[in-house]
Amino acid sequence: MRQILVISGKGGTGKTIIAASFAALAKNAVAADCDVDAADLYLLLHPEIKERHKFKGLPRAEIDQDRCTGCGRCYDVCRFNAVQKNITAKPQHRKTRPLTSL
Ligand code: SF4
């Protein structure tokens, strides 16, 4: 069995078209559209749906307030802007600036 993963962090790059093209060319292909926002591979392939299952993602990441020093490094380095400025460390753990001052 061969597995092909088509992935990109940017939308509108043609991932679904490429994946659908590979799936259409393959014989006995199993395709999984794992797009969390718009899983629309089925619009191109019109598959026969044999099973449906509930999807459960991983737990949401959280800052451990008992260990956070408020250094701001996570805010500085997160390329997805997933860390918000309004996160503050407990005063007893604060070694540097609070994130709100960034
Ligand atoms: S502010 Fe610093 S200590 Fe707190 S979660 Fe971010 S990187 Fe870790």
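Residues numbered from 1 in each chain as written. Predicted model: local features only at pLDDT ≥ 70, side-chain atom pairs only at ≥ 80, totals over all residues.

What to know about the overall build of the protein
The number of helices and strands found in the protein is three helices and zero strands. Secondary structure elements of the protein, listed N to C terminal, follow the sequence α-α-α. Burial status across the protein gives 7% buried among its 102 residues. Excluding contacts between residues fewer than 6 apart, the proportion of contacts in the protein whose partners are at least 24 apart in sequence is 45%. (Helix = DSSP H or I, 4+ residues; strand = E, 2+ residues; numbered from the N terminus. Buried ≥ 20, exposed ≤ 12 C-beta atoms within 10 Å, placed from the backbone. Contact = placed C-beta atoms within 7 Å.)

Overview of the site of the ligand
Taken together, ten residues sit near the ligand, with Cys-68, Thr-69, Cys-71, Arg-73 and Cys-74 positioned nearest. Split into classes, the residues belonging to the shell around the ligand amount to six nonpolar, three polar and one charged. (Near = placed C-beta within 6 Å. Nonpolar A, V, L, I, M, F, W, Y, C, P; charged D, E, K, R; others polar.)

Let's talk about unusual backbone geometry
For His-46, which is not glycine, the phi dihedral falls at a positive 50 degrees. When you line up the elements, His-46 lands in the loop between α2 (41-45) and α3 (73-77). The residue Asn-81 is not glycine, and still its phi comes out positive at about 55 degrees. Within the secondary structure, Asn-81 sits in the segment after α3. A residue is classified by how many C-beta atoms lie within 10 Å of it, and Asn-81, with 7 of them, is exposed.

These figures capture arrangement, not role.
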